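Observations on chain architecture
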Amino acid sequence: MKMFTGNKRSVTVILLIGSCLFILIQCINNGKKESDEKEKNNSTSQIRNINFKQFAGEAACLTCHKNIYDSFVHTSHFLTSQPAIEKYIKGSFEKGKNIFSFHPGLYVEMEKTDSGFFQTAYSNGVEKISKRFDIITGSGAKGQTYLSWRNNELFQLPISYLTSANEWANSPGYPKKIVYNRPVTSRCLECHSTYVTVLSAPGKEPEEYDHNEILYGVECEKCHGPGANHVTYEMQHPKDLVGKYIINPATFTRQQSLDLCALCHGGRLQKTTPSFEFIAGDTLANYFVKDNSGPTISEIDVHGNQYGLLQESKCFQMSGMTCLTCHNTHEYERGKEALFSQRCMACHNKEHGTFCKINSLSVASIKSNCIDCHMPKQPSMSVALLLQGHDEPTPALIHTHLIKVYQDATKKFIKTKK
Ligand code: HEC
Ligand code: HEC
Ligand code: HEC
Ligand code: HEC
Ligand code: HEC
Ligand code: HEC
Ligand code: HEC
């Protein structure tokens, strides 16, 4: 059937023509393979052959770092990927709410059965294809996308979930038809998990992964480096109070610290070494090149490129700030505007004469929320999902990191205060 694009079609062609899930991903993976290979050879010195056995898994950190562990498990990083179990799938399997229909003759039903959860496509009442939810990506703060195994290959399922609408939706960037054959790249997994063993040789598409060697979530060892040696050492030397064989980002230079976050929050990057080779403390430029076909500042998407946007802000250019100036990555702090505003006031305060210049509001209401006026939410260009019955995709709203004066956002804010 034409509707269900067959597997045989060249993956490259699909990747090139289909606007991929998020624009940034597309560019990372489509890169001309030849130049990719060359880059790889040039930078072999960077390849350290990171492997699964070097990791302990976040559960191993619990015994000795309980406080950090207990707060960290609530963060979006921790929750950004996991096996597809019911309590983490945000969409509904209830009759009446479990269908995404392209038109009456063509729909996908989200089905709950004894052997798991499935997305089953029907054309004119006839079942065409049914694939299992195996892995969830996305904490659900904005949405979720689901992945399905076929042997050792992973494919994205056609229907995703958009949190703001609390509805199933066509996966981002998908055409208005049912697509089951979009392969999941190691770069996608590199941003949404801690480590996955890639089985296939470089350049093979779709790539193949080891089902049993996946560390779900962006967890401790993504920011602290593989920790198996640390755990073994600390267990054997309980009296040694200095942590060994583990990386502490507090010791990083500004660029090292920014590079760690930019691995995943740096927008379009084209890899020059295999995925998962970068570890905390490394120089990003040794693993990726900036994709020069990328957008200009006015086009940078608010999704996935906080680094690019922040770099264009005066705050960033005229201070030594990093992401950690405002973010404590061990804590769930989403929506805490007053807390973030406190962090702005570490630099912008009356004593330094750098406090907010607006005079139409009380100091108290200014202090309570710098964010909605100077980092307002904007629609994402790439996290936009087609809801049933709509003509255009509905974008997720994401705080911009281009910090400046926004007159429209200010008007909106003042209105809500009156
Ligand atoms: C058997 C106990 C134990 C386990 C398990 C353990 N650690 Fe540690 N860790 C320590 C001790 C002791 C220190 C040194 C005191 C401190 O900084 O808290 C430490 C320090 C650290 C530091 C700071 C290092 C520095 O240079 O300041 C980090 C980061 C860290 N651990 C991360 C982890 C991670 C990630 C895991 C899980 C993979 C883990 N630890 C598992 C005992 C442990
Ligand atoms: C391995 C990739 C990766 C790295 C490294 C990474 N992040 Fe993230 N980060 C993500 C992903 C993916 C999400 C989206 C999680 C979700 O909602 O599913 C995210 C979400 C966030 C959020 C939003 C949290 C929320 O609850 O809204 C913040 C803030 C953030 N990251 C900051 C950082 C900072 C600061 C660093 C560097 C210290 C960093 N990240 C490093 C991948 C990464
Ligand atoms: C997104 C990145 C990120 C993740 C994930 C992460 N950390 Fe950290 N961690 C940091 C940064 C950055 C610092 C240094 C903070 C600072 O500048 O003081 C740090 C510091 C630490 C320290 C030493 C300082 C302290 O607060 O005691 C320990 C121990 C630690 N982390 C353990 C963990 C454990 C255990 C986990 C998982 C449960 C974890 N971290 C997850 C980024 C991360
Ligand atoms: C370059 C890193 C990167 C790549 C590659 C990437 N993502 Fe993301 N993704 C992010 C970040 C960062 C966020 C957090 C939102 C933001 O930054 O605006 C995110 C957000 C998401 C969300 C919404 C999560 C939420 O609820 O907030 C989903 C779902 C998602 N990604 C799925 C995928 C899938 C599936 C792939 C691969 C096919 C992929 N992403 C590739 C970095 C990446
Ligand atoms: C590490 C210090 C630091 C922090 C933290 C900081 N800023 Fe700034 N910011 C600066 C500096 C330095 C400038 C440039 C000089 C100036 O205008 O005061 C600046 C400029 C600005 C400007 C003017 C931008 C322009 O284009 O003219 C705004 C608005 C602003 N900051 C808002 C914020 C907000 C809101 C926060 C918190 C979310 C924040 N800043 C956090 C240091 C900081
Ligand atoms: C000047 C302060 C400041 C700095 C520096 C900063 N952020 Fe943020 N960030 C914020 C605020 C404020 C929010 C909105 C938090 C909320 O209300 O949930 C935010 C939200 C986010 C989100 C979630 C976006 C959304 O709307 O869902 C991500 C992801 C993120 N930051 C990543 C980063 C990364 C990566 C860096 C470094 C490149 C960084 N931030 C630097 C203040 C900052
Ligand atoms: C109601 C929206 C609103 C809130 C809330 C707000 N600001 Fe502003 N801010 C503005 C506007 C509008 C201007 C420009 C005023 C002018 O130049 O007439 C401004 C100006 C500034 C400037 C100077 C920019 C320049 O051009 O030099 C800084 C710095 C700043 N704000 C920081 C903050 C911080 C920090 C907070 C929170 C403590 C905050 N603002 C809260 C709307 C707001």
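Below is a summary of the structure that appears in this document. All values derive from a computational prediction rather than experimental measurement. (Residues numbered from 1 in each chain as written. Chains lettered and ligands numbered in written order. Predicted model: local features only at pLDDT ≥ 70, side-chain atom pairs only at ≥ 80, totals over all residues. Heavy atoms only, no water.)

**Focus on the overall build of the chain**
The criterion, for reference: In this description a helix means any DSSP run of H or I spanning at least four residues, a strand means any run of E spanning at least two, and both kinds are numbered starting from the N terminus. Here the term buried applies to any residue with accessible area under 20% of the maximum for its type, exposed to any over 50%, and partly exposed to those in between, with areas from a 1.4 Å probe on protein chains only. Between two residues, a contact is recorded if the distance between any of their heavy atoms is within 4.5 Å. All accessibility values rest on the Shrake-Rupley procedure with a 1.4 Å probe; residue burial counts only the protein chains present in the view.
Tallying secondary structure elements over the chain gives 15 helices and 17 strands in all. Burial status across the chain gives 48% buried among its 418 residues. The long-range fraction of contacts in the chain, counting pairs at least 24 apart against all pairs at least 6 apart in sequence, stands at 60%. Of the roughly 21900 Å² of accessible surface on the chain, 55% is carried by carbon and sulfur atoms.

**So, unusual backbone geometry**
That bond from Glu205 to Pro206 is cis: its omega, -10°, falls within 30 degrees of zero. Mapped onto the elements of the fold, Pro206 is located in the loop between strand S12 (193-198) and strand S13 (209-216). Of note, the phi angle at Asn124 is positive, near 50°, even though the residue is not glycine. Following the sequence through the fold, Asn124 ends up in the loop between strand S4 (116-123) and strand S5 (126-132). Positive phi values are uncommon outside glycine, yet Asn151 reaches one of about 55°. With respect to the secondary-structure elements, Asn151 resides in the loop between strand S7 (143-150) and strand S8 (153-156). We classify Asn151 as exposed; its relative accessible area is 69%.

**Some details on helix H15 (residues 407-417)**
In plain terms, the rule: Comment: arc refers to directions from the helix axis out to C-beta atoms.
The set of residues buried in H15 consists of Ala409, Thr410, Phe413 and Ile414. Seen end-on, H15 carries its buried residues on one side only, within an arc spanning 135°. Away from the buried face of H15 by more than 90 degrees, exposed residues Asp408, Lys411, Lys412, Lys415 and Thr416 are located. Buried residues belonging to H15 abut helix H13 (363-368) and helix H14 (371-374).

**What to know about the coordination of the iron atom of ligand 2**
Metal coordination angles have textbook ideals: 109.5 degrees for a tetrahedral set of four donors and 90 or 180 degrees for an octahedral set of six. This is how the line gets drawn: Each metal's donors comprise the N, O and S atoms found within 2.8 Å of it (within 3.2 Å for Na, K or Ca). Water is not part of the atom list, so some coordination spheres may appear incomplete.
Summarising the metal site, the iron atom of ligand 2 is bound by the protein donors His77 (NE2) and His265 (NE2), whose distances to it range over 2.0 Å. Since its relative accessible area comes to 27%, His77 is described here as partly exposed. Judged by its relative accessible area of 33%, His265 is partly exposed.

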